[in-house]
Each structure stands twice: as structure tokens, then as C-alpha cells.
Amino acid sequence: MSDDTDRPAHEPSEDADAPRVNPHAQTVRTLSDAMLRTAALPVGGTVLIAAAIGFAVAGVPGIAAAVTAGVVTTGASLFTMGLMRVTAPMAPSMAMGAVLGGFFVKMFVLLLTMSALSGVDAVHSGTLAATFGVMVLVWAAAQLVAFRRTRTPTVIPDS
């Protein structure tokens, strides 16, 4: 008989000193990396297209608005992915609380940023709003595509 069948089920194995890998954390980190890779090209292309359209509509303030909206929405999405990585090792209930709190903080910062930029003459408000809306949709679509492609399990047994 082998050693594995002779050992009672409640005894730890010889690898008990090895660090236990959290499958939930691995999955969340993999998803975060996939989201960033999937979004890079569409986000960059969207900012360039929005800047060209903004220039055609409003000149330099249109370019400033498109680039500003691109930077702000990219920062918000990177914040989300960073929060995913930080909360990955936490218990799912704690991670959900942190993510919900992070969502409220992110929305508040985005609201303040957009409000502060609404009266600035160097930034065309229509281009800013349109680019902001399109960028949010592009980031969301890219994150959805990444989720579907990585085949991320939503229930991980033994975690």
C-alpha cells in the first residue's frame, strides 16, 4: 500500500508547509490582467477617434476634452482593476464590501472631475460629455469580453 492510503484523512499531508494558493485570488488577478490587455487597443483607438472628432467640432478645446475624458475614464478603470488585485485575497464578502465602497469613491471623484471641468473654456463640454460616455461603454465592453474569454469561474469549489 502507498503512504497516501495508510494516512488517516484528517492528518495533514507532507506538503502542509507549502503555502496554500488561494484559487479565488488567482482567478481575480487573471481576470484583471485580461481586462487590461483586452481594453488597451480599443481604449487607445477610441481616444484618438474622439480627439479627431473633437478637433473637427471644436478645435483644440475638442482635443483637450477628448484626451481629458480618456484619461479620467482610464484612471477610473485602472482604479477598479487595482482594487480587484488588492481585494483578491480577501473573503468574497469582504471583497464585495470593498468593491462597493471603491465604486462609490470612484463615482464621487468622477462627478467632481466632470463638474469641475464643465465651466472650463479650454475644454469643450459637449465633446467631454460624449467622449466620457463612449469611453465608459468601451471600457465596460472590453471588460465583458475579457470576462467571457478568460472563462472565469463564478463559483470556485474548496475556496
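Residues numbered from 1 in each chain as written. Predicted model: local features only at pLDDT ≥ 70, side-chain atom pairs only at ≥ 80, totals over all residues. Heavy atoms only, no water.

Engineer: Would you mind going over the overall build of the protein chain with me for this structure?
Structural biologist: When its secondary structure is counted, the protein chain shows five helices and zero strands. The buried share of the protein chain, reckoned over its 159 residues, is 31%. Restricting the contact set of the protein chain to residue pairs at least 6 apart, pairs at least 24 apart contribute 79%. Here the protein chain displays about 10100 Å² of accessible surface, and carbon together with sulfur accounts for 69% of that area. (Helix = DSSP H or I, 4+ residues; strand = E, 2+ residues; numbered from the N terminus. Buried < 20%, exposed > 50% of the residue type's maximum accessible area, 1.4 Å probe, protein only. Contact = heavy atoms within 4.5 Å. Areas by Shrake-Rupley, 256 points an atom, 1.4 Å probe, with all protein chains shown as cover.)

Engineer: Can you help me understand helix 5 (residues 125-150) in this one?
Structural biologist: Since there are 3.6 residues in each turn of an α-helix, residues three or four apart along the chain are aligned in direction. Helix length check: helix 5, at 26 residues, gives a terminal C-alpha distance of 37 Å against a target of 38 Å (1.5 Å per residue), a fit within 8%. Every buried residue of helix 5 is accounted for by Thr127, Leu128, Thr131, Phe132, Met135, Val138, Trp139, Ala142, Gln143 and Ala146. In this fold, the buried residues of helix 5 make contact with helix 2 (23-58), helix 3 (60-87) and helix 4 (92-117). Of the residues trailing helix 5, Arg151 is marked for its positive phi of about 50°. (Expected span 1.5 Å × (residues − 1).)

Engineer: What's the story with the nonpolar core in this structure? I'm lost.
Structural biologist: When a protein is soluble and globular, its nonpolar side chains tend to lie buried together. Counting 16 residues, the largest nonpolar core has Met35, Ala39, Val43, Met84, Met135 and Trp139 as the members making the most contacts within it. Breaking this core down by element, the ones donating at least two residues are helix 2, helix 3 and helix 5. No other element matches the eight residues that helix 2 contributes to this core. Not counting residues within four places of it along the chain, the set of residues in contact with Trp139 comprises Ala39, Val43, Thr73, Thr74, Ser77 and Met81. (Core = buried A, V, L, I, M, F, W, Y, C linked by side-chain atoms within 4.5 Å.)

Engineer: What's the story with the side chain of Ser32 in this structure? I'm lost.
Structural biologist: Within the secondary structure layout, Ser32 lies in helix 2. Residue contacts for Ser32: discarding those within four places in its chain leaves Met81, Met84 and Arg85.

Engineer: Whenever I open this one, the packing of helix 3 against helix 4 confuses me. Can you help?
Structural biologist: For any two helices packed against each other, one specifies the inter-axial angle together with the distance between the axes. Taken N-terminus to C-terminus, the directions of helix 3 and helix 4 make an angle of 165°; their axes are 10 Å apart at the nearest point. As the angle between them shows, helix 3 and helix 4 are arranged roughly antiparallel. Two packed elements cross with a definite hand, and for helix 3 against helix 4 that hand is right-handed. From helix 3, Thr68, Val72, Ala76, Phe79, Thr80, Leu83 and Thr87 reach across to helix 4, where they touch Ala95, Ala98, Val99, Gly102, Lys106, Leu110, Thr113 and Leu117. By residue class, the composition of the contact of helix 3 with helix 4 is nine nonpolar, five polar and one charged. (Axes fitted to C-alpha atoms, helices over the stretch in contact; angles between N-to-C directions. Parallel < 35°, antiparallel > 145°, perpendicular 65-115°, else oblique. Left-handed = near helix turned anticlockwise from the far one by under 90°. Nonpolar A, V, L, I, M, F, W, Y, C, P; charged D, E, K, R; others polar.)

Engineer: Where do I start with the layout of surface pockets in this structure?
Structural biologist: Over the atoms rolls a probe the size of a water molecule, and in doing so it shows where empty space is left. In this structure, the largest pocket occupies an estimated 720 Å³ of space. Thr80, Met84, Val99, Lys106 and Gln143 are the residues nearest the centre of the largest pocket, which is lined by 29 residues in total. Sorting the residues of the lining of the largest pocket by element identifies helix 2, helix 3, helix 4 and helix 5 as the ones contributing at least two each. Take the lining of the largest pocket: its biggest share by element is 10 residues, from helix 4. (1 Å grid on protein atoms, 1.4 Å probe; cavity = no way out; pocket = protein on both sides within 12 Å on 5 of 7 lines; lining within 4 Å. Points joined across faces, edges and corners; volume = space filled by probe spheres on them.)

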